[in-house]
Number of protein chains: 2
Amino acid sequence: MLPIITISREFGSGGHSIGEAVAKELGIPFYDGEIVNRVAMESGYAKELIEEQGEHTTAGNKWFDVTAASAMYFQSPQDEIFLAQRKVILDCAAKGPCVIVGRCSDYILKTEEIPSLHILIHADMEHRIARVLQRYGEIKDVDVKKRILKKDKQRRTYYRYYTDQRWGEYQNYDLSIDSGTLGEETSVHMICELAKSMAK
Amino acid sequence: MLPIITISREFGSGGHSIGEAVAKELGIPFYDGEIVNRVAMESGYAKELIEEQGEHTTAGNKWFDVTAASAMYFQSPQDEIFLAQRKVILDCAAKGPCVIVGRCSDYILKTEEIPSLHILIHADMEHRIARVLQRYGEIKDVDVKKRILKKDKQRRTYYRYYTDQRWGEYQNYDLSIDSGTLGEETSVHMICELAKSMAK
């Protein structure tokens with residue numbers, strides 16, 4: 001049987017596209033934005049809030065301002081979204097082989113001891129800037145590098161908060177690929193070949 | 001043309017064997033212990049000292065006890081070995097496609113802007129203990145886990161000292177493979193396929 005595949009990615013590294021192409025080639029479901037819809041249904045929160053809070057945490061996040069005492073009794077919307085998202089991810093995985101992008105999915109499946117293949121996609125800043133500009137076009141007055149660094153930081157802080165682990169430690173992945181130096185096509189091919197070999 | 005391949009590895013992860021098998025399959029030279037012999041010739045230092053000082057640094061290392069003032073003028077044997085080793089690594093790379101294991105080779109080739117494929121091999125502690133026991137057999141009164149952790153620490157400290165970088169950061173590698181979960185055979189196959197695709 002093909003494995004469940006989680007993709008952790010740096011912003012602008014092409015992790016989303018690579019995951020989508022892998023799912024397509026292997027003929028298995030692909031979950032990324034789809035998770036947001038499901039979490040919205042599960043939790044009742046608006047999609048926009050889930051998109052905002054489902055992978056991001058900033059130091060200035062107001063939910064972090066609760067005192068330790070109140071935090072013991074108070075579940076923030078972000079916590080509720082995390083829990084709903086966790087449930088959706090586990091539901092997706094329970095249905096069989098699939099590709100799941102981000103959202104601490106590697107950690108969530110590991111803690112539940114669900115066998116899966118954990119992939120990290122990264123690239124150097126030069127490649128990521130070029131990719132973001134190609135995908136979203138140039139935006140006036142927006143420093144692309146700053147935007148990339150901020151997005152990474154938000155995701156890392158979120159990951160750190162909910163997993164108590166540092167994001168991007170090589171020990172957490174079966175395979176880490178530099179999509180900048182190796183290219184997206186090669187990255188997709190490597191992951192598919194690996195998944196197929198595991199299915200034998 | 002096939003690429004120059006550097007292999008960085010955790011102790012007990014099978015990185016040496018994987019590198020050797022890759023070199024054999026690709027029909028290119030393999031440099032690991034061989035480097036020690038060449039450094040001995042270049043530097044005049046004994047092989048035993050090079051083996052000890054060529055990848056290891058401990059906090060208690062006497063060469064680190066020199067004061068800042070004397071360090072400015074005094075090149076320690078460890079520094080001399082590093083420089084001789086660096087030269088040998090660059091000489092190996094200059095001859096063409098090959099596999100080089102450890103010894104900051106990834107960093108040395110990068111700083112000289114020599115195009116190469118940088119691979120990290122790692123595995124969880126359970127796999128590494130099993131591998132070390134299988135390779136070296138059980139040694140009375142030796143805690144294998146402690147030995148692995150110590151060896152990793154020495155190599156990391158050495159790497160940190162000579163490269164000013166943290167060892168094992170995913171950004172430094174084109175590909176990082178968990179040889180414990182994926183297996184040595186798959187690891188060798190993936191690296192060879194990737195090297196061959198780059199040669200096209």
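Here, the structure is the one placed above.
Here's a quick rundown of the structure. (Residues numbered from 1 in each chain as written. Chains lettered and ligands numbered in written order. Predicted model: local features only at pLDDT ≥ 70, side-chain atom pairs only at ≥ 80, totals over all residues. Heavy atoms only, no water.)

1. Regarding the sheet that holds strand β3 (residues 99-101) of chain A
A sheet is described by the order of its strands in space; here ten strands give the open sequence β2(A)-β3(A)-β1(A)-β4(A)-β5(A)-β5(B)-β4(B)-β1(B)-β3(B)-β2(B), paired in mixed fashion. Each edge of the sheet is formed by a strand with only one pairing partner; in this case those strands are β2 (30-31) of chain A together with β2 (30-31) of chain B. Lying over the sheet, helix α10 (residues 184-199) of chain A contacts β1 (4-9), β4 (116-122) and β5 (175-178) of chain A together with β5 (175-178) of chain B, oriented at roughly 170 degrees with respect to β4 of chain A. (Pairing = 2+ DSSP bridges. Helix = DSSP H or I, 4+ residues; strand = E, 2+ residues; numbered from the N terminus. Contact = heavy atoms within 4.5 Å. Axes fitted to C-alpha atoms, helices over the stretch in contact; angles between N-to-C directions.)

2. Digging into the side chain of D178 of chain B
Its location among the elements puts D178 of chain B in strand β5. Notably, D178 of chain B is buried but unbridged: the nearest opposite-charge side chain belongs to K110 of chain A, and the N-O separation is 7.2 Å. A distance of 3.1 Å separates a polar atom in the side chain of D178 of chain B from the backbone nitrogen of T181 of chain B. What D178 of chain B contacts, discounting residues up to four positions off in sequence, is Y173 and D174 of chain A together with H122, A123, D124 and G183 of chain B. (Buried < 20%, exposed > 50% of the residue type's maximum accessible area, 1.4 Å probe, protein only. Lys, Arg positive; Asp, Glu negative; His and termini not counted. Salt bridge = Lys/Arg side-chain N within 4 Å of Asp/Glu carboxyl O. Polar contact = N/O pair within 3.5 Å; in protein donor to acceptor, adjacent residues only side chain to side chain.)

3. Topic: the packing of helix α2 (residues 33-43) of chain A against helix α5 (residues 77-94) of chain A
Residues and elements named next belong to chain A. Orientation of α2 relative to α5, taken along the N-to-C sense of each, is 120 degrees, at an axis distance of 9 Å. Between α2 and α5, the angle is such that the two are oblique. The crossing of α2 and α5 is right-handed. When α2 is examined against α5, the residues I35, R38, V39, E42 and S43 are found in contact with a partner set consisting of I81, A84, Q85, K87, V88, I89, D91 and C92. Its residues assigned to classes, the contact of α2 with α5 shows seven nonpolar, two polar and four charged. (Parallel < 35°, antiparallel > 145°, perpendicular 65-115°, else oblique. Left-handed = near helix turned anticlockwise from the far one by under 90°. Nonpolar A, V, L, I, M, F, W, Y, C, P; charged D, E, K, R; others polar.)

4. Focus on a nonpolar patch on the surface
Residue and element names in this part refer to chain A. A cluster of nonpolar residues, Y136, I139 and V142, forms a patch on the protein surface that exposes about 260 Å² of accessible area. You can see V142 is positioned in the loop between α7 (125-136) and α8 (144-163). Residue class for V142 comes out partly exposed when judged on its relative accessible area of 31%. (Patch = residues over 30% accessible without salt bridge, like charges linked within 9 Å, V, L, I, M, F, W, Y side chains within 5 Å. Areas by Shrake-Rupley, 256 points an atom, 1.4 Å probe, with all protein chains shown as cover.)

5. Some points on the environment of R166 of chain A
Looking at the secondary structure, you find R166 of chain A in the loop between α8 and β5. Measuring from C-alpha to C-alpha, the distance between R166 of chain A and R156 of chain A comes to 7.4 Å, with ten residues separating the pair along the chain. Those residues in contact with R166 of chain A that lie beyond four places of it in its chain are Y159, R160 and N172 of chain A together with R166 and E169 of chain B. Within polar-contact distance, the side chain of R166 of chain A engages the side chain of E169 of chain A at 2.6 Å.

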